[in-house]
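Structural overview
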Amino acid sequence: STATIRASYALKAQKEASVVQQPQASYKVAVLGAAGGIGQPLALLIKMSPLVSSLHLYDIANVKGVAADLSHCNTPSQVLDFTGADELAQSLKGVDVVVIPAGVPRKPGMTRDDLFNINAGIVKTLIEAVADNCPDAFIHIISNPVNSTVPIAAEVLKQKGVYNPKKLFGVSTLDVVRANTFVAQKKNLKLIDVDVPVVGGHAGITILPLLSKTKPSVSLSDEEVAELTVRIQNAGTEVVEAKAGAGSATLSMAYAAARFVESSLRALDGDSDVYECSYVDSSLTELPFFASRIKIGKEGVEALIPSDLQGLTEYEQKALEALKPELKASIEKGIAFANKQP
Ligand code: NAI
């Protein structure tokens, strides 16, 4: 009968629960810009995490409905909404991870740098609140131009005396997600297996997929390398053009950001095998910020992984040198913005 079947399923679930250690939902995550194109699907994906006990959704408008909606999902975390500057501080109290997708996205014809004038100020204001209310949290910056907004965040945190370079992350995960997808498609590989490190920054030519370091190792002709590299660098623009004025990547970005949040939570939870690519304070090159593979631990960045930058192909070495002036200029622009007198 149905009742017997149900009872046997319940018993099976009970047995499994006693054998497999279920992760304890205990972390608080805040999303700033939670009502936006990225914020909403990202909040949904974080709501599905077994590691999250509390999900704080902040935006300047429209966040109440998003929170009410999400709160009906029967997953562990409670969902709280915070609207407007008056509630920003409260949204950050006791939070372990802050994710920032607040700001305007690109329209066709725009570069990420064209967003600077609006988004730089938004990130500055939000980071000031993070510094005042949860200075120990992991900070994930999604708002573009990431190449500049991360240096802005670092400067603001320094001004507030709470900068911890190990806990500030520019989210470049989408570049890795795209690289993995495109390489797997091109070579007919199982998606789950493919891992391409992407280094440099997160805009145009500063995005440098190290295809020679793909795992499992793949053989690519020079033409294939050039074609894949350009596609990965312009993938964001592919989406901007397809959306034709309605914004940039939101769903794949939410997927990528959720993966980075989950990795961070696993690291906080004591998993000692967590690696991601991220744009961070770095000593791997002469630039103060650089995206590379990093090991994440309880205290944030535990190690930068230098080996990806060793033994590069000639193509990669040239591309690395070519991206440095642009990345340097974007970093300096961010630092200058954060330090200019109001
Ligand atoms: P959107 O316009 O759909 O959403 C942005 C949200 O931010 C809106 O809900 C808006 O109300 C909110 N917001 C604006 N000012 C705010 C403030 N002061 N405080 C809190 N929230 C504020 O934009 P979308 O598509 O979600 O993109 C957000 C950002 O993410 C853009 O800067 C975009 O360029 C960037 N992005 C980054 C990617 C990456 O790989 N790192 C990929 C795709 C987008």
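Just so it is clear, the model here is predicted, and its values are computed rather than measured.

All right, on to the UniProt feature "domain: Lactate/malate dehydrogenase N-terminal" (unreviewed entry) in the chain then. Following the UniProt record, the feature "domain: Lactate/malate dehydrogenase N-terminal" (unreviewed entry) maps to residues 28–170 here. As annotated, residues 28–170 comprises 38% helix and 21% strand, and the C-alpha atoms at either end are separated by 20 Å.

Close to the ligand lie 33 residues; Gly33, Gly36, Gly37, Ala102 and Asn144 are nearest. The residue inventory of the shell around the ligand, partitioned by class, reads 18 nonpolar, 13 polar and 2 charged.

By size, the foremost hydrophobic cluster in this structure holds 99 residues, and its most contacted members are Val29, Leu57, Val98, Ala153 and Ala257. No other element matches helix 9 (residues 251–268), which puts 10 residues into this core. Contacts of Val98, omitting those with residues within four sequence positions, involve Ala30, Leu32, Leu92, Val130, Cys134, Ala137, Ile139 and His140.

Our next topic: the packing of helix 2 (residues 39–47) against helix 9. Where helix 2 meets helix 9, the closest approach of the two axes is 8 Å, and the angle between their N-to-C directions is 35°. The two elements helix 2 and helix 9 meet at a crossing, and its hand is right-handed. Judged by residue contacts, Pro41, Leu42, Leu45 and Ile46 of helix 2 engage Leu251, Ala254, Tyr255, Ala257, Ala258 and Val261 from helix 9. Split into classes, the residues belonging to the contact of helix 2 with helix 9 amount to 10 nonpolar, no polar and no charged.

Time to look at unusual backbone geometry. At the junction of Asn144 and Pro145, the peptide bond is cis and its omega measures out at -5° in the coordinates. At the junction of Lys215 and Pro216, the peptide bond is cis and its omega measures out at -5° in the coordinates. On the secondary structure map, Pro216 appears in the loop between strand 8 (207–209) and helix 8 (222–243). Phi is positive for Asn62, which is not a glycine, with a value near 65°. For Asn62, the position within the fold is in the loop between strand 2 (52–59) and helix 3 (63–70). Positive phi is not limited to glycine here, since Asn188 has a value of about 55°. Within the secondary structure layout, Asn188 lies in the loop between helix 7 (173–187) and strand 7 (198–200).

Let us look at helix 9. For helix 9, with 18 residues, the first-to-last C-alpha span of 25 Å sits near the 26 Å given by 1.5 Å per residue. Turning to helix 9, its buried residues number three or more, namely Met253, Ala254, Ala256, Ala257, Ala258, Phe260, Val261, Ser264, Leu265, Ala267 and Leu268.

The first and last C-alpha atoms of helix 7 sit 21 Å apart over 15 residues, in line with the 21 Å expected at 1.5 Å per residue. Along helix 7, the residues classified as buried are Thr173, Leu174, Asp175, Val176, Val177, Arg178, Ala179, Asn180, Phe182 and Val183. Lining the buried residues of helix 7 we find strand 7, strand 8, helix 8, helix 9 and strand 9 (275–281). Just downstream of helix 7 lies Asn188, where phi reads positive at about 55°.

What follows covers the packing of helix 5 (residues 116–133) against helix 6 (residues 146–159). Running from N to C, helix 5 and helix 6 point in directions that differ by 35°, and their axes come no closer than 9 Å. The two elements helix 5 and helix 6 cross, and the hand of that crossing is right-handed. Touching Phe116, Asn119, Ala120, Val123, Lys124, Ile127, Glu128 and Ala131 of helix 5 are Ser148, Thr149, Ile152, Ala153, Val156 and Leu157, all from helix 6. Each residue belonging to the contact of helix 5 with helix 6 can be placed in one class, and the counts come to 9 nonpolar, 3 polar and 2 charged.

Of all 9 residues in strand 10 (residues 289–297), 7 are buried; the element is thus mostly enclosed. Pairing of strand 9 with strand 10 involves 7 bridges; the strand directions are antiparallel. Following the sheet pairing, Ser278 is matched in strand 10 by Ser292. Across 4 bridges, the pairing between strand 10 and strand 11 (residues 300–304) is antiparallel. Bridging from a neighbouring strand, Lys295 pairs with Ala303 of strand 11. Two successive antiparallel strands, strand 10 and strand 11, enclose a turn made up of 2 residues.

About the criteria used
Residues numbered from 1 in each chain as written. Predicted model: local features only at pLDDT ≥ 70, side-chain atom pairs only at ≥ 80, totals over all residues. UniProt positions renumbered as here; feature names shortened; annotations may be inferred. Helix = DSSP H or I, 4+ residues; strand = E, 2+ residues; numbered from the N terminus. Near = placed C-beta within 6 Å. Nonpolar A, V, L, I, M, F, W, Y, C, P; charged D, E, K, R; others polar. Core = buried A, V, L, I, M, F, W, Y, C linked by C-beta atoms within 7 Å. Buried ≥ 20, exposed ≤ 12 C-beta atoms within 10 Å, placed from the backbone. Contact = placed C-beta atoms within 7 Å. Axes fitted to C-alpha atoms, helices over the stretch in contact; angles between N-to-C directions. Left-handed = near helix turned anticlockwise from the far one by under 90°. Expected span 1.5 Å × (residues − 1). Pairing = 2+ DSSP bridges.

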